[in-house]
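Residue strings, one per chain:
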Amino acid sequence: MADNVEIVEGCRLPVLRKNQEHEDEWPLAEILSVKEVSSRKLFYVHYIDFNKRLDEWVTGDRLDMKKLQFPKKEAKTPTKNGLSGSRPSSPEREVRKSLDLNVQSTTAPSRGKTLPTPKRKVEAVPLATQVPPATPVPSLPSSAEASQASVFPAVRETNTFKSREEHEQISSLTTNGTARRLIPPQPGRKRKANCGGTDEMIKVLQYNNPQTASVFLPPPEDSQDSSDGIPSAPRMTGSLVSDRSHDDIVTRMKNIECIELGRHRLKPWYFSPYPQELTTLPILYLCEFCLKYLKSLKCLQRHLTKCNLRHPPGNEIYRKGTISFFEIDGRKNKNYSQNLCLLAKCFLDHKTLYYDTDPFLFYVMTEYDSKGFHIVGYFSKEKESTEDYNVACILTLPPYQRRGYGKLLIEFSYELSKVEGKTGTPEKPLSDLGLLSYRSYWSQTILEILMDLKPDNGERPQITINEISEITSVKKEDVISTLQYLNLINYYKGQYILTLSEDIVDGHERAMQKRHLRIDPKCLHFTPKDWSKRGKW
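Since the model is a prediction, treat every value here as computed from it, not as a measurement. (Residues numbered from 1 in each chain as written. Predicted model: local features only at pLDDT ≥ 70, side-chain atom pairs only at ≥ 80, totals over all residues. Heavy atoms only, no water.)

Chemist: Can you help me understand the environment of Leu-453 in this one?
Modeler: Within the element layout of this structure, Leu-453 appears in the loop between helix 6 (432–452) and helix 7 (465–472). Sequence separation between Leu-453 and Ile-463 is 10 residues; the distance between their C-alpha atoms is 8.6 Å. (Helix = DSSP H or I, 4+ residues; strand = E, 2+ residues; numbered from the N terminus.)

Next comes the structure, spelled out in structure tokens:
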């Protein structure tokens, strides 16, 4: 049926696919490319509202031609070669383009290029790169909610923190480092901020065992949000940076069919800029120790006779059991670092690859056996970060996912921050899987501290947000956003309390029983360097 009507790029129509329950479904999809193989047409489709890793080549019998939507034609504009520079655009591109123009007209300068701006300044960025704020700021509870919380202090349905859309103003201010008290709105008077000093407390109640820890919530200072609600732009330097090429039809399509890495064969999720001549191969072969890419098994076997590496280059700074971590300098081991970034890009969609690895350190986690140290995952970090980032990119390779290695990588990044005496946060935006892993880690780490609090001389224990941040090296804004995500904060008798319900406690205990892999600080041999004093790393 697909052969009777000419289907072009940008068309939309339902496409047959199997869901997680292996049942047939017909989600709407966009045609990104058409090719002919052995006189048979194949269509590369992107399922609308699905992650790009599910994109695939399909045959014509999986297309529902009855609901075919043709793309709108853009106005033709001449190019340098005198050829038309237009191409069919999907409805999604039309909407995105109009939204981008609206954002840029309100935020971009009147002339010149839009360049990365310092923190707290607004930059016009495409909506495709904007993400929800990492640290939502709580709204204030109304008087009705406050009274309800005072009657039912342990009932968690009293959600006193509303979403950003449900409130108009935030009365969380700082002046010379001093926090001002948050005053709930009262009828007949304007919202006003009183200087309450740093003694403002938020109490913690544990379900069926009332413990109270007093917690001071400072206002977030370094949130991703600007005053206009537009995220400040991520940096545009380094090995993997925020991806702004969503409209490029080439980078929207997977270009590598399969990768053989040691004993594993990996099916890439996204585009990666490997050399063009390698993208037509059925299998791309990688040396699992130096990550060099080769075009055939024979080339790989010849390479292995010459490759002396049996572990990543660099210093082994951690070993416990079969798990090891290696620290790799992006300047000293440039080839390895670039090959690692090429491999990582196959599984990271929200980043695009640059070849400047000098400002970065790479921490590669490996599993040891008799044949050597096999790569499991890695994270990279800037040698000098003005934004307190302790992770730039983080990835667990697919064969090792859902086995606890992701949390182990995150935990290791915070152990390094503890040794450095800093608090850290991952670079934004996070991928969908990255956000899930970080939320889970933050939740377990903070709940572990709150549940270990013990009464002091019969009094309820006290702890501040700053103390939680110092103990865990998790940035204050991430601590606050995690408490809000867990829906622990309530307003009770004129103050904020943290209510640990029985479900939260039981769920945390079950999760910790499953978490067998942990970092042992005693096995870490790491001396941080002061990169600011080195002229050229």
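From this point, things continue past the structure.
Chemist: Can you help me understand the packing of helix 7 against helix 8 (residues 476–485) in this one?
Modeler: The relative placement of two packed helices is expressed as an angle between their axes plus a distance between the axes. Between helix 7 and helix 8, whose axes approach to 9 Å, the crossing angle comes to 110°. One way to sum up the angle between helix 7 and helix 8 is to call them roughly perpendicular. Considering only the axes of helix 7 and helix 8, their crossing is right-handed. Across the interface between the two elements, Ile-465, Asn-466, Ile-468 and Ser-469 of helix 7 pack against Lys-476, Val-479, Ile-480 and Leu-483 of helix 8. (Axes fitted to C-alpha atoms, helices over the stretch in contact; angles between N-to-C directions. Parallel < 35°, antiparallel > 145°, perpendicular 65-115°, else oblique. Left-handed = near helix turned anticlockwise from the far one by under 90°. Contact = heavy atoms within 4.5 Å.)

Chemist: I'm lost on the packing of aromatic side chains in this one. Help?
Modeler: Two aromatic rings are characterised by how far apart their centres lie and by the angle between their planes. If you walk through the whole model with that rule in mind, you get 18 aromatic pairs. For the ring pair Phe-326 and Phe-373, a centre distance of 5.4 Å and an interplane angle of 85° mean the geometry is edge-to-face. With a gap of 47 residues between them, Phe-326 in strand 16 (residues 323–329) and Phe-373 in strand 19 (residues 372–382) connect regions that are remote in the sequence. When the ring of Tyr-414 is compared with that of Tyr-441, the centres are 5.5 Å apart and the planes differ by 10°; the resulting orientation is stacked. With Tyr-414 in helix 5 (residues 405–420) and Tyr-441 in helix 6, the pair connects residues that are 27 residues apart, well separated along the chain. For Tyr-441, a relative accessible area of 4% puts it in the buried group. Aromatic rings pair up to connect Tyr-318, Phe-325, Tyr-363, Phe-379 and Phe-412 into one cluster. In this arrangement the basic side chain of Arg-17 is found over the ring face of Tyr-47, its NZ or CZ atom lying 5.3 Å from the centre. (Phe/Tyr/Trp six-rings, centres within 6.5 Å; stacked < 30°, edge-to-face > 60°. Buried < 20%, exposed > 50% of the residue type's maximum accessible area, 1.4 Å probe, protein only. Lys NZ or Arg CZ within 6 Å of the ring centre and 35° of its normal.)

Chemist: Is there a simple way to think about helix 9 (residues 502–514) in this case?
Modeler: Each α-helix winds once per 3.6 residues, and so residues spaced three or four apart point in a common direction. The end-to-end C-alpha distance of helix 9 is 19 Å, a good match for the 18 Å that 13 residues give at a rise of 1.5 Å each. Inspection of helix 9 places Ile-504, Val-505, His-508 and Met-512 among the buried residues, and these make up the whole buried set. Taken around the axis of helix 9, the buried residues stretch over an arc of 95°, which confines them to a single face. What points out from helix 9, more than 90 degrees from its buried face, is the exposed set Asp-503, Arg-510, Gln-513 and Lys-514. (Expected span 1.5 Å × (residues − 1). Arc of directions from axis to C-beta.)

Chemist: I keep staring at the nonpolar core and nothing clicks. Help me out?
Modeler: Looking at soluble globular proteins, one finds that nonpolar side chains tend to be buried together. Core analysis: the largest hydrophobic core is formed by 79 residues, its most contacted members being Phe-325, Leu-343, Phe-412 and Leu-483. The leading source of residues in this core is helix 6, at 8 residues. Excluding its chain neighbours within four sequence positions, the residues that come into contact with Phe-325 are Asn-315, Glu-316, Ile-317, Tyr-318, Val-364, Met-365, Leu-408, Leu-409, Phe-412 and Ile-519. Residues Ile-7, Val-15, Val-45 and Tyr-47 belong to the second largest nonpolar core, which totals 13 residues. (Core = buried A, V, L, I, M, F, W, Y, C linked by side-chain atoms within 4.5 Å.)

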